[in-house]
Amino acid sequence: MKDNKVMIYAICGFVAVAAAVTAIYIFREQIADFFVDVKARIDEKRLSVGAEYADEFE
């Protein structure tokens, strides 16, 4: 019985990994767009914080 449980766990793990890989493959463009948007927001915040103190140094 214990051998059957290990086999079931292995199959479930394989199915979960296969599903994750498939989802990444199908939605790769949307995932890339998301990370580009996040990077743009971070860069925008960095620039706006730096500009806030620019007048003090002039």
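Here, the structure is the one placed above.
Residues numbered from 1 in each chain as written. Predicted model: local features only at pLDDT ≥ 70, side-chain atom pairs only at ≥ 80, totals over all residues. Heavy atoms only, no water.

### As for the packing of aromatic side chains
Then comes step 1: As enumerated under the stated definition, the model contains 1 aromatic pair in all.
Then comes step 2: Between Phe34 and Phe35 the ring centres are 5.3 Å apart and the planes differ by 70°, which places this aromatic pair in the edge-to-face class.
Then comes step 3: Its end group placed over the ring of Tyr25, Arg28 keeps NZ or CZ at 4.6 Å from the ring centre. (Phe/Tyr/Trp six-rings, centres within 6.5 Å; stacked < 30°, edge-to-face > 60°. Lys NZ or Arg CZ within 6 Å of the ring centre and 35° of its normal.)

### Remarks on the pattern of salt bridges
Then comes step 1: For the structure shown, the criterion picks out 2 salt bridges.
Then comes step 2: With a shortest N-O distance of 3.4 Å, Arg41 and Asp37 are connected by a salt bridge. You can see Arg41 and its partner Asp37 sitting in helix α2 (residues 28–52), 4 residues apart, about one turn around the helix.
Then comes step 3: Judged by relative accessible area, Arg41 falls into the exposed class, the value being 55%.
Then comes step 4: The partner of Lys39 in a salt bridge is Asp43, with the nearest N and O atoms 2.9 Å apart. Of this pair, Lys39 and Asp43 both sit in helix α2, separated by 4 residues, roughly a single helical turn.
Then comes step 5: A residue is classified by how much of its surface remains accessible, and Lys39, at 51% relative accessible area, is exposed.
Then comes step 6: Since its relative accessible area comes to 27%, Asp43 is described here as partly exposed. (Salt bridge = Lys/Arg side-chain N within 4 Å of Asp/Glu carboxyl O. Helix = DSSP H or I, 4+ residues; strand = E, 2+ residues; numbered from the N terminus. Buried < 20%, exposed > 50% of the residue type's maximum accessible area, 1.4 Å probe, protein only.)

That is the geometry; function is a separate question.
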